[in-house]
Amino acid sequence: QVQLVESGGGLVQAGGSLRLSCAASGRTFSSYAMGWFRQAPGKEREFVAGVTRSGLSTYYVDSVKGRFTISRDNAKNTVFLQMNSLKPEDTAVYYCAARGAAIVVLTPRAWDYWGQGTQVTVSS
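The structure presented is a predicted model; accordingly, all values stated were derived computationally and were not measured.

## Re the environment of Glu46
Right, so step 1: You can see Glu46 is positioned in strand β5 (residues 46-51).
Right, so step 2: For the pair formed by Glu46 and Leu106, sequence separation is 60 residues and the distance between their alpha carbons is 7.7 Å.
Right, so step 3: There is a polar contact of 2.6 Å between the side chain of Glu46 and the side chain of Arg38.

Here you go:
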């Protein structure tokens, strides 16, 4: 079992930045690919970014490429999402997820563990 706790959400103006953190406890953190998803009201949960077990490979949805950066610190059991140049359309609840496999996939149902989510609101 893996427990995930997100933090760092909040209200920010368009063009601003936020850094989300996800602290993991339980089984070996480095055994899991990690990802960030988001869900806006009335919309399906969507993949935002993912990182492999080692941290060497990262993946992003096209809408955040060049603005968001995912990273992980396996010594601290933590994954981060640095979000720059935020836009109102980035407003959503952001979820951290863990997948007990080497490969990052975009489908939410393929991920094994989820955090409770943290709200990100970007005002125009």
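## Looking at the sheet that holds strand β3 (residues 18-26)
The strands making up a sheet associate through hydrogen bonds between their backbones, and the pairing can be parallel or antiparallel.
Right, so step 1: Pairing is antiparallel across the open sheet formed by four strands, whose spatial order is β1-β3-β8-β7. The open sheet has two edge strands, β1 (2-7) and β7 (68-73), and neither has a second partner. Across the sheet, the mean angle from the axis of one strand to that of its neighbour is 15°, orientation sign disregarded.
Right, so step 2: As defined by bridge partners, β7 adjoins strand β8 (residues 78-83) across six bridges and the pair is classed as antiparallel. Within β8, the residue paired with Phe68 across the bridge is Met83.

## Description of the pairing of β3
Walk down a regular strand and you will see the side chains alternate between the two sheet faces.
Right, so step 1: Across six bridges, β1 lies against β3 in antiparallel orientation. Each residue of the ladder has a partner; that of Gln3, found in β3, is Ser25.
Right, so step 2: As paired elements, β3 and β8 share six bridges and run antiparallel to each other. What sits directly across from Cys22, in β8, is Val79.

## Considering the environment of Met83
Right, so step 1: Within the secondary structure, Met83 sits in strand β8.
Right, so step 2: Taking C-alpha positions, Met83 is 8.5 Å from Val64, a pair spaced 19 residues apart along the chain.
Right, so step 3: When neighbours within four sequence positions are excluded, Met83 is seen to be in contact with Gly16, Ser17, Leu18, Leu20, Arg67, Phe68, Tyr94 and Val120.

## Details of the packing of aromatic side chains
Aromatic ring pairs: the centre-centre distance and the angle between the two ring planes describe each pair.
Right, so step 1: The tally for this structure, following the rule as stated, stands at five aromatic pairs.
Right, so step 2: A centroid spacing of 5.6 Å and a plane angle of 80° characterise the contact between Phe37 and Phe47, whose relative ring orientation is edge-to-face. Here Phe37 is found in strand β4 (residues 33-39), whereas its partner Phe47 is found in strand β5, with ten residues between them in sequence. Like Phe47, Phe37 is buried.

## Focus: the pairing of strand β9 (residues 92-99)
Right, so step 1: Burial runs high along β9: seven of the eight residues are buried.
Right, so step 2: Note that β4 and β9 share seven bridges and pair antiparallel. Its bridge partner lying in β9, Met34 is registered against Ala98.
Right, so step 3: Bridge count for β9 against strand β10 (residues 113-114) is two bridges, and the pairing is antiparallel.

## Some points on the state of the cysteines
Right, so step 1: Evaluation of the coordinates by the stated rule reveals one disulfide.
Right, so step 2: Cys22 shares a disulfide with Cys96; S-S distance 2.1 Å. Classification of the bridge connecting Cys22 and Cys96 rests on its S-S torsion, roughly -80°, and on that basis the disulfide is left-handed. Taken together, the residues span a long stretch of sequence, with Cys22 in strand β3 and Cys96 in strand β9 at a distance of 74 residues.
Right, so step 3: Residue classification places Cys22 among the buried residues on the basis of a relative accessible area of 0%.
Right, so step 4: Under the relative-accessibility criterion, Cys96 is labelled buried at 0%.

Thresholds, definitions, all that
- Residues numbered from 1 in each chain as written.
- Predicted model: local features only at pLDDT ≥ 70, side-chain atom pairs only at ≥ 80, totals over all residues.
- Heavy atoms only, no water.
- Helix = DSSP H or I, 4+ residues; strand = E, 2+ residues; numbered from the N terminus.
- Polar contact = N/O pair within 3.5 Å; in protein donor to acceptor, adjacent residues only side chain to side chain.
- Pairing = 2+ DSSP bridges.
- Axes fitted to C-alpha atoms, helices over the stretch in contact; angles between N-to-C directions.
- Contact = heavy atoms within 4.5 Å.
- Phe/Tyr/Trp six-rings, centres within 6.5 Å; stacked < 30°, edge-to-face > 60°.
- Buried < 20%, exposed > 50% of the residue type's maximum accessible area, 1.4 Å probe, protein only.
- Disulfide = S-S within 2.5 Å.

In short, shape yes, function no, at least from these values alone.
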